[in-house]
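Examination of the molecular architecture
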Amino acid sequence: MPQSDSQPLLRARGVSKVFPGTIALDGVDFSLEAGEVHALLGENGAGKSTLIKCLTGAYRRDGGDILLHGEIIDPKCTIDAQGYGIGTVYQEVNLLPNLTVAENLSLGHQPTRFGMISTRAMNRGAREVLSQFGLDIDVSRSLESYSVAVQQVIAIARAVTLSGKVLILDEPTASLDSKEVELVFDVVRSLRQRGLGIVFISHFLDQIFEITDRVTVLRNGRLVGSETTSDIDRVRLVNLMLGRELEQEVRSHGKTHAAAGEPRLTFTGFGRKGRIEPFDLSIQPGEVVGVAGLLGSGRTETAEVMFGVAPHDSGEARRGDGTVLNLASPRDAIAAGFGFCPEDRKTDGVIADLTVRENIALALQARIGWMRRIPDREQRAMANDYIRKLDIRTPDAEKPVGLLSGGNQQKVMLARWLVTNPSFLILDEPTRGIDVGAHAEIIRLIEDLCKQGMSLLVISSELDELVAYSHRVIVVRDRHHVAELTGGDITTDNMVRAIAAPEREAIS
Amino acid sequence: AQTVGFSQIGSESGWRAAETTLTLQQAKERGIDLKFADAQQKQENQIKALRSFIAQGVDAILIAPVVATGWDSVLEEAKEAEIPVILLDRMVDSSDDLYLTAVGSDLVHEGSVAGQWLVDELAGKDCNVVELQGTTGSSPAIDRKNGFEQAIAGKDNIKLIRSQTGDFTRTKGKEVMESFLKAEDGGKNICALYAHNDDMAVGAIQAIKEAGLKPGSDILVVSIDAVPDIFQAMAAGEANATVELTPNMAGPAFDALEAFMKDGTMPPKFIQTESKLYTQADDPQAVYEQKKDLGY
Amino acid sequence: MNGLMLFMRRIWPQLLTLAVIVGLISIMFPGFFQISIANGRLYGSPIDILNRGAPVALLAIGMTLVIATRGIDLSVGAVMAICGAVAAWGITEGYGLFATLAMALAAGLACGLWNGVLVAILGIQPIVATLILMVAGRGIAQLITEGAILTFNHEGLIFFGSGSVFTIPTPVIIGVLTGAIITLIVRRSALGMLIEAIGINLRASTLAGVNTRVLLIAVYMTSGLCAALAGIIAAADIRGADANNAGLWLELDAILAVVIGGTSLLGGRFSLIASLIGALIIQAVNTGILLSGFPPEFNLIIKAVIILIILVLQSPTMRTVAVFFSKDPVGASDKEKETVAP
Amino acid sequence: MNARLLPLLATLVIFLVAYAVCYAQYPAMLSTRVIGNLLTDNAFLGIVAVGMTFVIISGGIDLSVGSVIAFAGVFIAVMLRDTSLHPLAVFSMLLLITTLFGASMGAIIHYLEMPPFIVTLAGMFLARGMAYVLSIDAVPITHEFYEYMQRLYWLMPGKGRLTLIGGLMLLVVIAGSILAHRTRFGMNVYAIGGGAQTAALMGVPLARTTMAIYALSGLLAGLAGIVFSIYTSAGYSLATVGVELDAIAAVVIGGTLLTGGSGFVAGTLIGVLIMGLIQTYIIFDGSLSSWWTKILIGMLLFAFIVLQKGLVWTTAKRRIAGG
Ligand SMILES: Nc1ncnc2c1ncn2[C@@H]1O[C@H](COP(=O)(O)OP(=O)(O)OP(=O)(O)O)[C@@H](O)[C@H]1O
Ligand SMILES: Nc1ncnc2c1ncn2[C@@H]1O[C@H](COP(=O)(O)OP(=O)(O)OP(=O)(O)O)[C@@H](O)[C@H]1O
Ligand SMILES: [Mg+2]
Ligand SMILES: [Mg+2]
């Protein structure tokens, strides 16, 4: 460990935390210098988020000390931490959907005049803060009217305004696209210049190498090591995190088109007023269709209209044999063999208090109806099967899913749909918050699935990832499907060009 | 035709429903246009109703006040608007120039009639009495308790051993009686029951029967109101006495109002209805037949 | 075996509370446990608690399911009044026992359907949706009885209130049977899990394909049905339908029973058995107050204090404290679950 | 137009339309007398509903208010009867008691993590129980200061009166609006309603705010109790049974969501007026039996809620379609 003479800015000494059935942190040391960006890495469930929460007083730690400038501090709640100048973005967006953007940004320190909040000053301040992040939105609208990604940026902006000494970002970039990530990084760099210490958690190794000065790796709640970023290479880093070699990084460009022939599904003129303009799309069995686009471009909308969450009001969907599908509600879509793994897992995905087993069985149970209960034994077998296949880190299948780490919850979501064995599966940001090991795992899974004939529609902000597994990529902009790339045309450059193109191109 | 506003407390019991029915009937017979407002047991609603009647400009107001206090300012408003107000069945403690007259029975007197009956019936024998009170805090409960206690005061042979509220309802009357019976040695310790209304008595009679005792003989039953169902019980020998509270308060009220409207005759400030005692000697079956269609 | 252990762990606080309260009553009133047979029916204070507790227990069954879906049903008291009135009206009009019961139960189901449609289809918040029927329902009941107590003398109907089977009072049997049947249906089928899923996260459940609308309506209809049974019992008990007072404020007791039973008002995990014990706890308190002989003006204060004590002892914080003192390291961090789940 | 104002506007429109309908049927409904009555008669409800609005916006509920009003009345009446204290001194004692009462319920809710519904239900039993203990009887108040306060009104043209208590309610509504929308406390209340855990992570002082919310509700219930005692010149332990439900209904009709996080104090005033209008209409009609009164109140409640939902829904839809 590089140990400077002066005291580190923030230091954790032997921090431990035990949950029923899990030792989340086992005597972890961590130190953060002023003026550095320090990456905290590890697999899903390694204990990164738990460490952050112990540092900021969101959890009571079971042992260990926290030192700020060499002095022991004991933040009992996040307000204390804020008082010490530690601003945090927790893993899930933790903002209030019912308040306006400006109110979210200024909660707790609103500008007041004669004891009353000055709305105008508050909104002006909010606009200024957000403009640093290149976000030009109506700050007087409620937060819930913006997509998760926008909310994520707002959460970062809030933490930045609050942090005087330390800024902690727990997977802040999970649902951002490259442009937003760059903006966030610009802000991070300028804060580093100002002498703040920044903790950065991410599963994107490219981002780690781009921005961080030092990395600390956790595995199973223990400290594995801490090194200067420039001294370490990718392979070794992955090695440290997983404790084994990653077999190969999936990079197989330009898939040949899946068996051409009868399409499995054909959407014609499919759309919904105010959500997504009518589009045409047909999907072959075994095909992976990627969807690319900027924040709020209408990718999620595309998925939701297809799945009947926001039922379409124009066009129709047909099966390969020409029968028209009724897609008026999620139930209809599921009956037609669809599955949908939503983007916002906290509100749309997990049933937090139900166990891993129940969460995995839910969609299948809903499809076969309440009367024919899947026997416990079968449920357990199913759950254990996927816990193994997807490497879900949980002591057993009976743990409430809300207590799992973020990435593991995502895997449970995936498992829920895989057990229903859908013929058409929509994945909205499936790799959000998933570690490198599992990332590779999931991409392999996606490939396996389409080999077995499942059709997939995958929405992702990670263009590389789309390149890796898509047979075809749809580019969405301003709620229009503006381009379709196939075969060798699927490259990051092409996608970026289509996303950025000023004129709408003809849809092939 | 005259327009008269009638603010009724609510419809919490059969007796009250009968009062409403009779008032409507009386108004119809006299060609009076009656504006009826049900207050759902709430004083604030009654005050609202009175204010609305005044705003509407009715010719007179009948009110059965839910509680004695709190009427001064609204009665003053009525007086300013020169609308005569007549109180039905319960009194108010405002100054008596704020209303034309009050028609009703004396609640304390009712209680003491019941108590007196028990005193006479026992003729000096020792007796432990249990009491089923009305809704805690309501004026009939307070007054009927006081009246009864006045009547048995100084009679060493009569002891009030348990008193609990039965909320004027049959269900609670039965439930409370059940626990009285358990608490007093299976009921062997109880010689008489006094209930603040007939409904509770009817419930309690069932409880006594289910405990294997004979109401009316093992345990004497006296209550107040004289609703039809208690006469059935009396006819079957299961209840002993009841004190009548007539639901026809509107008749005398309208009479007084008519006289006043015609030539300004001031009626007496309190028109007391009779608190008649019915016992098994009064041919309960006949009374039942007579009363059963009055809307109780 | 493991299941039984889990189950006992779930309900022991309720059982303990009940035992303590019964213990207190029997100290105050030594004759408490005397049980005899009168008129071919078990007779004694413990029986009273079971018998008088039956209506609240029935309401609590339906209420538990409703609360598990993160709803609440304020109308159950009024529905009791309606169904009691329908039963009394049916029997006095001479429809015969079977038809009368069918009509009363159908009325309960219809009320539940109305609530369910308001909540599930129109998306009205449960408290308000059921408040409508709470207000109007009593009016409907009075409309049927025309404001009076509609008395009847049909022995068949009376049997449901004060009859007995093998010396056990009918209301107790109805309560236990209903509890058992609904528990079986809910736990043997997938309903229980689906209901919990709805209560925890309605949107996510819908997206997972759960038929949330139908389930919500079914749950409110179950609550209506339970209220109908309670209404029939209440009417049969006093041989008359008292539209004004039948079930008055009983919805609060039912909700209290569910909460004492440990089901969260925020929906999710539920236990019907625990709610039933909760109902018995409430009735034990009521009966205890009656047996104690205190003047009635203290009833409310006593009840409030006892309830507060029970709830405080059962609150998550207190449980942590208790576990802390028993030095159980695993349970000690239990609290974290409740307080921090970002 | 701000989308968040939509429910408020919908409520206002419904109220105005309903008033117009009533006026068409009974022209006397549009007199200063009726308007004055609406304010005076619902003053205590309006005040207590303002407190309830804060509680509900924070995602809680306060069932104790009806009992607290009754307790307040009895307390004042007994104090004025048995001591020679000036009413203003009694008022301040009372407000202190009810505020502390509310605050301690808030403390139980927060520190023992118990659901507000249950805690305030126990509070409801307790407050009424205390009222019984103070006095079972109704106690009249005959202090000259009360007469003085009752004579404080502004006689509007047309003989309608804007009374002291009616005016007080309007003041409370205005103060409540400012508190809700213009202060940090107000923002914290909305924040807790949006999600208590999240709000805590964002730095909202949960314990202090929760206690303050219920203390405010207690304070306003106490104030409503004072108003009610002025209104009736008496204290009565059985008074205002079920007022908590009326208050909740008024708050919800006023466009506040029971799930917490959104609502308006001004909407609550309209909600209270709508409830008052329903009652006035029924009294003006004067032909409904007791049961039909109940059924009609239920149906009108239903109609208002559905209308409001429909209005918000169609407008929101048009907005999306339009842009
Ligand atoms: N409140 C809790 N109760 C019980 N177990 C918990 C709780 N929070 C976290 N855990 C467990 O602690 C372990 C560490 O979780 P943590 O959230 O810190 O992982 P992480 O490194 O942030 O993972 P990810 O990359 O998926 O976000 C996991 O096994 C998780 O299941
Ligand atoms: N319920 C809604 N009503 C009105 N507008 C909405 C609604 N939901 C989303 N929008 C808007 O529709 C646009 C598309 O949002 P969506 O979340 O589908 O984008 P996306 O392409 O999936 O982006 P990302 O998921 O990366 O944020 C955004 O501008 C969003 O603000
Ligand atoms: Mg994490
Ligand atoms: Mg999206």
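Before any of the text, the structure's been laid out above.
Residues numbered from 1 in each chain as written. Chains lettered and ligands numbered in written order. Predicted model: local features only at pLDDT ≥ 70, side-chain atom pairs only at ≥ 80, totals over all residues. Heavy atoms only, no water.

A short note on the overall build of chain A
Put simply, the rule is: Under the scheme used here, helices are H or I runs from DSSP no shorter than 4 residues and strands are E runs no shorter than 2 residues, and both carry numbers assigned from the N terminus. In this treatment the radius of gyration is a C-alpha quantity, and the globule benchmark scales as 2.2 Å times the residue count to the 0.38 power. Only protein chains enter the accessibility calculation, which uses a 1.4 Å probe; a residue is then buried when its area is under 20% of its type maximum, exposed when over 50%, and partly exposed in between. We call two residues contacting when some pair of their heavy atoms lies within 4.5 Å. When charges are counted, Lys and Arg contribute as positive and Asp and Glu as negative, whereas His and the chain ends are disregarded. One atom stands in for each charge, and that atom is NZ of Lys, CZ of Arg, CG of Asp or CD of Glu.
Regarding its fold elements, chain A presents 17 helices and 22 strands. Taking 23 Å as the expected radius of gyration for a compact globule of 508 residues, we find that chain A reaches 23 Å, a close match to that expectation. Burial status across chain A gives 58% buried among its 508 residues. For chain A, contacts bridging at least 24 residues in sequence account for 67% of all contacts bridging at least 6. When the 57 basic and 68 acidic side-chain charges of chain A are each reduced to a single mean position, those positions are 4 Å apart.

A short note on helix α8 (residues 228–235) of chain B
Note: α-helices contain 3.6 residues per turn, so residues at a spacing of three or four share the same orientation. All names here are of chain B. In terms of burial, α8 is largely enclosed, as six of its eight residues are buried. Buried within α8 are the following residues: Pro 228, Asp 229, Ile 230, Phe 231, Ala 233 and Met 234. The positive-phi residue at the C-terminal boundary of α8 is Gly 237, with phi of around 75°.

Describing the interface of chain C and chain A
Buried accessible area, meaning the area lost when the parts come together, often serves as the stated size of an interface. Note the cut-off: Take a side-chain nitrogen of Lys or Arg and a carboxyl oxygen of Asp or Glu: if they are within 4 Å of each other, that pair is a salt bridge. Counted as a polar contact is a pair of N or O atoms within 3.5 Å, where, for protein atoms, one must be capable of donating a hydrogen and the other of accepting one, and residues adjacent in sequence contribute only when both atoms are in side chains. Amino acid classes used here: Ala, Val, Leu, Ile, Met, Phe, Trp, Tyr, Cys and Pro are nonpolar; Asp, Glu, Lys and Arg are charged; the rest, including Gly, are polar.
Contact residues are listed per partner, giving 29 residues for chain C and 37 residues for chain A. Summed over the shared surface of chain C and chain A, the result is three salt bridges. Of the charged contacts, one joins Glu 304 of chain A and Arg 203 of chain C as a salt bridge, the two residues approaching to 3.8 Å between their closest N and O atoms. Across the contact surface, chain C and chain A share seven residue pairs in polar contact (both at pLDDT 80 or more). Those elements giving two or more residues to the side of chain C that touches chain A turn out to be α7 (170–188), α8 (191–200), α9 (202–207) and α16 (334–339) of chain C. Considering only residue class, the side of chain C that touches chain A consists of 14 nonpolar, seven polar and eight charged.

Here we look at the site of ligand 2
Residues and elements named next belong to chain A. For clarity, the cut-off: When at least one non-hydrogen atom of a residue lies within 4 Å of a molecule or strand, that residue is treated as near it. Computed with a 1.4 Å probe, the accessible areas rest on the Shrake-Rupley method; for each residue, only the protein chains presented here act as cover.
Close to ligand 2 lie 14 residues, the nearest being Gly 296, Arg 299, Thr 300, Glu 301 and Glu 343. Contacts to ligand 2 include Thr 300, whose side-chain N or O atom sits 2.4 Å from an oxygen atom. In this structure, Glu 343 approaches ligand 2 through a side-chain N or O atom, which is 2.7 Å from an oxygen atom. Burial of ligand 2 by the surrounding chains reaches 77%, relative to a free accessible area of 630 Å².

Comments concerning the packing of helix α3 (residues 76–92) of chain C against helix α4 (residues 97–121) of chain C
All names here are of chain C. As a reminder, the rule being used: In this analysis, axes come from line fits to C-alpha atoms, helices being fitted only over the stretch in contact, and the angle between any two N-to-C directions falls in the range 0 to 180 degrees. An angle below 35 degrees is read as roughly parallel, one above 145 as roughly antiparallel, one from 65 to 115 as roughly perpendicular, and any other as oblique. Here a crossing is called left-handed whenever its near helix is offset anticlockwise from the far helix by less than a right angle, and right-handed whenever the offset is clockwise.
Where α3 contacts α4, the axes come no closer than 8 Å and their chain directions differ by 155°. Taken as axis vectors, α3 and α4 run roughly antiparallel relative to one another. Taken as a pair, α3 and α4 cross one another with a handedness that is right-handed. For the pair α3 and α4, contact is made by Val 79, Ile 82, Cys 83, Val 86, Ala 87, Trp 89, Gly 90 and Ile 91 and by Leu 97, Thr 100, Met 103, Ala 104, Ala 107, Gly 108 and Cys 111, respectively.

Some words on the packing of aromatic side chains
Residues and elements named next belong to chain A. Threshold: To pair, rings of Phe, Tyr and Trp, with the six-membered ring standing in for Trp, must have centres within 6.5 Å; the planes then decide the type, stacked if under 30 degrees apart, edge-to-face if over 60, and tilted in the middle.
Counted under the stated rule, the structure contains 24 aromatic pairs over all chains. On the numbers, 5.4 Å between centres and 75° between planes, the contact of Phe 19 with Tyr 59 is edge-to-face. Pair noted here: Phe 19 is in strand β1 (residues 10–19) and Tyr 59 is in the loop between α1 (48–55) and β4 (63–68), with a separation of 40 residues, a long-range link. Across the pair, Tyr 59 and Phe 19 agree in class, each one buried. Joined through ring pairs, the aromatic side chains of Phe 267, Phe 270 and Phe 279 make up one cluster.

Concerning the site of ligand 1
Residue and element names in this part refer to chain A. Keep this limit in mind: In this document the domain limits rely on a domain assignment from an automatic tool or a database.
Taken together, 21 residues are adjacent to ligand 1, and Gly 45, Ser 49, Thr 50, Ser 405 and Gly 407 come closest. The contact in question runs from an oxygen atom of ligand 1 to an N or O atom on the side chain of Ser 405, over 2.7 Å. Out of a free accessible area of 640 Å², ligand 1 has 95% covered by protein chains. Sorting the residues of the shell around ligand 1 by element identifies β2 (22–32), α1 and α14 (406–418) as the ones contributing at least two each. No other element matches α1, which puts three residues into the shell around ligand 1. Along the lines of polarity and charge, the residues of the shell around ligand 1 split into six nonpolar, 11 polar and four charged. Each of domain 1 (10–98 + 142–232) and domain 3 (345–421) contributes no fewer than three residues to the shell around ligand 1.

Thoughts on the sheet that holds strand β18 (residues 338–341) of chain A
Residues and elements named next belong to chain A. For clarity, the threshold we go by: When DSSP finds two or more bridges between two strands, those strands count as paired.
The strand order across the open sheet formed by six strands is β18-β19-β20-β15-β21-β22, and the pairing between neighbours is mixed. Of all strands in the sheet, those with a lone pairing partner are β18 and β22 (480–486), marking the two edges. The mean inter-strand angle of the sheet, taken between neighbouring strand axes irrespective of direction, is 20°. Inspection of the sheet shows strand β15 (residues 288–293) paired to strand β20 (residues 455–459) by four bridges, in the parallel sense. Across the sheet, Gly 290 pairs through a bridge with Val 458, a residue of β20. Of the strands in this sheet, β18 and β19 (424–428) are in contact with α14, which crosses β18 at around 175°.

Examining the interface of chain C and chain D
Where we set the bar: Accessible area that two parts lose when put together, evaluated with a 1.4 Å probe and summed over both, is termed the buried area.
Listed per partner, the contact involves 48 residues of chain C and 43 residues of chain D. Counting the surface lost from both chain C and chain D, the interface buries some 3,900 Å², and carbon and sulfur atoms represent 83% of this. When the area that chain C buries against chain D is broken down by residue, the three leading residues are Gln 125, Glu 297 and Leu 300 of chain C, summing to 14%. Our count for the contact surface shared by chain C and chain D stands at zero salt bridges. Run the count over chain C and chain D and you get two residue pairs in polar contact (both at pLDDT 80 or more). Here the side of chain C that touches chain D takes 12 residues from helix α5 (residues 126–145) of chain C, the largest share from any one element. Here the side of chain C that touches chain D is built from residues that sort into 33 nonpolar, nine polar and six charged.

Things to note about a positive patch on the surface
All names here are of chain A. Threshold: By definition, no residue in a patch forms a salt bridge, and every one has over 30% relative accessible area; like charges are joined within 9 Å, nonpolar side chains (Val, Leu, Ile, Met, Phe, Trp, Tyr) within 5 Å.
On the surface, Arg 113, Arg 120, Arg 124 and Arg 127 cluster together into a positively charged patch. It is helix α4 (residues 119–132) that provides the largest number of residues to the positive patch, a total of three residues. Within the fold, Arg 127 resides in helix α4.

Concerning the pattern of salt bridges
On inspection of all chains with the given rule, the structure shows 57 salt bridges over all chains. The partner of Asp 65 of chain A in a salt bridge is Arg 13 of chain A, with the nearest N and O atoms 3.2 Å apart. With a gap of 52 residues between them, Asp 65 of chain A in strand β4 and Arg 13 of chain A in strand β1 connect regions that are remote in the sequence. Judged by relative accessible area, which is 34%, Arg 13 of chain A ranks as partly exposed. Salt-bridge contacts for Lys 292 of chain B lead to Glu 289 of chain B; the nearest nitrogen and oxygen are separated by 3.0 Å. For Lys 292 of chain B, a relative accessible area of 38% puts it in the partly exposed group. On the basis of relative accessibility, which here comes to 38%, the residue Glu 289 of chain B falls in the partly exposed class.

A closer look at the coordination of the magnesium ion (ligand 4)
Condition: Water is not among the atoms examined, so metal sites may look incomplete; donors are the N, O and S atoms within 2.8 Å of the metal, or within 3.2 Å for Na, K and Ca.
Coordination of the magnesium ion (ligand 4) by the protein is provided by Thr 300 of chain A (OG1) and Glu 343 of chain A (OE), with metal-donor distances spanning 1.7 to 2.5 Å. Of the two residues, Thr 300 of chain A is situated in helix α9 (residues 299–307) and Glu 343 of chain A in the loop between β18 and α11 (345–349); the sequence distance between them amounts to 43 residues.

Notes on the pairing of strand β6 (residues 127–133) of chain B
All names here are of chain B. Under the convention used in this document: When the strands point away from the viewer and the connection leading from the first strand across the helix to the second strand turns clockwise, the crossover is called right-handed.
With six of seven residues buried, β6 lies mostly within the body of the structure. Where β6 and strand β7 (residues 158–165) come together, seven bridges link them in parallel fashion. Bridging across to β7, Val 130 finds its partner in Arg 162. Following the chain from β6 across helix α5 (residues 139–152) to the adjacent parallel β7, one finds a crossover that is right-handed. Inspection of the sheet shows β6 paired to strand β8 (residues 192–195) by four bridges, in the parallel sense. The partner of Glu 131 across the bridge, within β8, is Tyr 194.

A closer look at the state of the cysteines
Residues and elements named next belong to chain B. For clarity, the cut-off: Any two cysteine sulfur atoms within 2.5 Å of one another count as a disulfide.
Under the defined criterion, the tally for this structure stands at one disulfide over all chains. Between Cys 127 and Cys 191 runs a disulfide, and the two sulfur atoms are separated by 1.7 Å. Its S-S torsion of about -100° marks the bond between Cys 127 and Cys 191 as left-handed, since a negative value means left-handed. Taken as a pair, Cys 127 in strand β6 and Cys 191 in the loop between α6 (170–183) and β8 lie far apart in primary sequence, 64 residues in all.

Considering the sheet that holds strand β12 (residues 277–279) of chain B
Residues and elements named next belong to chain B. In spatial order, the strands read β7-β6-β8-β9-β10-β12; together these six strands make up an open sheet with mixed pairing. The sheet is open, and its two edges are formed by β7 and β12, each paired on a single side. Strand after strand, the sheet turns through a mean of 20° between neighbouring axes, direction not considered. Across the face of the sheet, α5 comes into contact with β6, β7, β8 and β9 (220–225) while running at roughly 170° to β7.

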